[in-house]
Amino acid sequence: MARNDDIRSAFREVCGIFPQHRVELVNGRIVVNPVPTGDHNRIVYRLLLQLLAVVQGQGWQIWNDITLFLGPQRDRYRPDLTVVPAEPKMWAKDHVHGDQVLLVVEVVSASSVTDDHEVKPRQYAAGGVPLCLVVDVFARKVRLLSQPGADGYEQETDVALGRPLDLPEPWKLTIDTGALAE
């Protein structure tokens, strides 16, 4: 227990030291990354444009810089995009409860392949996040993970970049994955 308290204390300290960086607690490691590149941000922007009408129609919100609270003694992640209901339950001013989230999006960078494909999805599922979308332009694919459980997501849909990807209820939306990396 003392180790977990130490790492959480160090995490808070590092967040204060590097306020302009993306600081996450991933698999017991404090990970400090620079702000995303222009290419990374373009992918997020293009996805945002596709999600926006449904999000507005449902009264949801898209947050681009929030930490997920996935449970006590769990990691802390800051997805590239997080879709939440109008009034999500918050753990702190900068932490939203994972089981309140409607969708998280991770855009893979060269340094985050394992974390974005393996580590984070497993923890998102355990934290009750219903949908996890992983956009990987390096592997030329998009993954949609759904049906979360304690051991990970039970359903995985992989499509090649350029193929359509349907988001399940309550989304009623087909993502044009080709538009993400034009």
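Residues numbered from 1 in each chain as written. Predicted model: local features only at pLDDT ≥ 70, side-chain atom pairs only at ≥ 80, totals over all residues. Heavy atoms only, no water.

Colleague: Quick one: what's the story with the overall build of the protein chain, residue by residue and with numbers?
Modeller: A count of helices and strands for the protein chain gives 3 helices and 14 strands. Counting across all 182 residues of the protein chain, residues that qualify as buried make up 46%. (Helix = DSSP H or I, 4+ residues; strand = E, 2+ residues; numbered from the N terminus. Buried < 20%, exposed > 50% of the residue type's maximum accessible area, 1.4 Å probe, protein only.)

Colleague: Go over the side chain of Thr67 with me, naming the residues and quoting the values.
Modeller: The topology assignment puts Thr67 in strand β4 (residues 67-69). With sequence-adjacent residues up to four places away left out, Thr67 is seen in contact with Arg76, Tyr77, Arg78, Asp94, His95 and Val96. (Contact = heavy atoms within 4.5 Å.)

Colleague: Residues and numbers for the sheet that holds strand β3 (residues 61-63), please.
Modeller: As a general point, the strands of a sheet are linked pairwise by backbone hydrogen bonds and lie either parallel or antiparallel. The 6 strands lie next to each other as β3-β6-β9-β10-β11-β12, forming an open sheet whose pairing is mixed. Two strands in the sheet have a free side with no partner beyond their single neighbour: β3 and β12 (152-160). Recorded for the sheet is a direction-independent mean angle of 15 degrees between the axes of neighbouring strands. Two strands pair when backbone bridges link them, and strand β10 (residues 131-136) and strand β11 (residues 141-149) are joined in this way by 6 bridges, in the antiparallel orientation. Note on β11: the bridge partner recorded for Val134 is Arg143. In this fold helix α3 (residues 113-126) packs onto β9 (103-107), β10, β11 and β12, with an angle of close to 30 degrees to the strand it touches most, β11. (Pairing = 2+ DSSP bridges. Axes fitted to C-alpha atoms, helices over the stretch in contact; angles between N-to-C directions.)

Colleague: Give me the lowdown on the pattern of salt bridges, citing residues and values where you can.
Modeller: Between side chains of opposite charge, a pair can form when the charged atoms approach closely. This structure, assessed with the given rule, holds 7 salt bridges. One salt bridge connects Glu106 with Lys120, and the closest N-O pair in it is separated by 3.6 Å. One end of the pair, Glu106, is in strand β9; the other, Lys120, is in helix α3, with 14 residues separating them in the sequence. By relative accessible area, which is 1% here, Glu106 ends up buried. Exposure remark for Lys120: the relative accessible area of 4% places this residue in the buried category. Taking the shortest distance from any N to any O, the salt bridge between Arg143 and Glu156 comes out at 3.0 Å. With a gap of 13 residues between them, Arg143 in strand β11 and Glu156 in strand β12 connect regions that are remote in the sequence. (Salt bridge = Lys/Arg side-chain N within 4 Å of Asp/Glu carboxyl O.)

Colleague: With reference to specific residues and values, describe the packing of aromatic side chains.
Modeller: One pair of aromatic rings is described through two measures. These are the centre distance and the angle between the planes. For the coordinates displayed, the defined rule picks out 3 aromatic pairs. A centroid spacing of 4.9 Å and a plane angle of 65 degrees characterise the contact between Trp60 and Trp171, whose relative ring orientation is edge-to-face. Residue Trp60 is located in the loop between α2 (38-58) and β3, and its partner Trp171 is located in the loop between β13 (164-167) and β14 (173-176); the two are separated by 111 residues in the primary sequence. Taking relative accessible area as the criterion, Trp171 reaches 2% and is therefore assigned buried. (Phe/Tyr/Trp six-rings, centres within 6.5 Å; stacked < 30°, edge-to-face > 60°.)

Colleague: I'd like a description of the nonpolar core, backed by residues and values.
Modeller: Counting residues in hydrophobic clusters, the biggest one holds 26 residues, and the most contacted among them are Leu47, Leu51, Leu103, Leu133, Val142, Trp171 and Ile175. Breaking this core down by element, the ones donating at least two residues are α2, β6 (81-84), β9, β10, β11, β13 and β14. When residues of this core are assigned to their parent elements, the largest contribution, 6 residues, is made by α2. Val101, Val104, Tyr124 and Ala125 belong to the second-largest nonpolar core, a separate cluster that totals 18 residues. (Core = buried A, V, L, I, M, F, W, Y, C linked by side-chain atoms within 4.5 Å.)

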